[in-house]
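Listed below, chain by chain, are the residues.
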Amino acid sequence: MESVEPRTRWTFVTNHARILAMILRDPEVRLRDLAASCEVTERAAGAIVRDLESAGYLTRVRHGRRNHYEVTPGTLFRHPAEGHHEIANLLHLLVDLDPRAGATGPSSKDGGFRERDTRA
């Protein structure tokens, strides 16, 4: 039987999900490292981070010359078919798939999610 080449190069997990999981894994990850892991440019990685931030999936705080990201707990999927489910389970699955994270995923007791500081 002949091998059939796929029509397009696609994956089940988007770069938005990958980057959000990487940020959950390491809240001080650099855009350069996000881009390299996703095989996109730094500009594309920055655009994805801005998308996620503007949609409320994460917050970014500047610490000196570095950014510190916090994934917002309780956020839901965007598509109506999954819109009533939180993204936390998917993110934890992706974090656990990382060979560097080991079998336990994020080491913090809150699973990497941080409560938003709502103080003015």
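Residues numbered from 1 in each chain as written. Predicted model: local features only at pLDDT ≥ 70, side-chain atom pairs only at ≥ 80, totals over all residues. Heavy atoms only, no water.

## Things to note about helix 2 (residues 31-38)
Taken as a whole, helix 2 has its buried residues at Leu34, Ala35 and Cys38. Taken down its axis, helix 2 places every buried residue within 95 degrees of arc, on the same side. Packing partners of the buried residues in helix 2 comprise helix 1 (15-25) and helix 3 (42-54). Phi for glutamate 39, located one or two positions after helix 2, is positive at around 55 degrees. (Buried < 20%, exposed > 50% of the residue type's maximum accessible area, 1.4 Å probe, protein only. Helix = DSSP H or I, 4+ residues; strand = E, 2+ residues; numbered from the N terminus. Arc of directions from axis to C-beta. Contact = heavy atoms within 4.5 Å.)

## Quick word on the pairing of strand 2 (residues 66-71)
Here strand 1 (residues 58-63) pairs with strand 2 via 6 bridges, running antiparallel. Following the sheet pairing, valine 61 is matched in strand 2 by histidine 68. Linkage of strand 1 to strand 2, two consecutive antiparallel strands, is achieved through a turn of 2 residues, within which glycine 64 is found at a positive phi near 65 degrees. (Pairing = 2+ DSSP bridges.)

## Focus on the pattern of salt bridges
Applying the stated rule across the entire model yields 4 salt bridges. The salt bridge partner of glutamate 42 is arginine 32, with a shortest N-O separation of 3.7 Å. With glutamate 42 in helix 3 and arginine 32 in helix 2, this pair connects stretches of sequence that are 10 residues apart. For arginine 32, a relative accessible area of 48% translates into the label partly exposed. Note that arginine 60 and glutamate 53 form a salt bridge whose closest N and O atoms lie 2.5 Å from each other. (Salt bridge = Lys/Arg side-chain N within 4 Å of Asp/Glu carboxyl O.)

## Examining unusual backbone geometry
Look at glutamate 39: it is not a glycine, yet its phi comes out positive at around 55 degrees. Looking at the element boundaries, glutamate 39 is found in the loop between helix 2 and helix 3.

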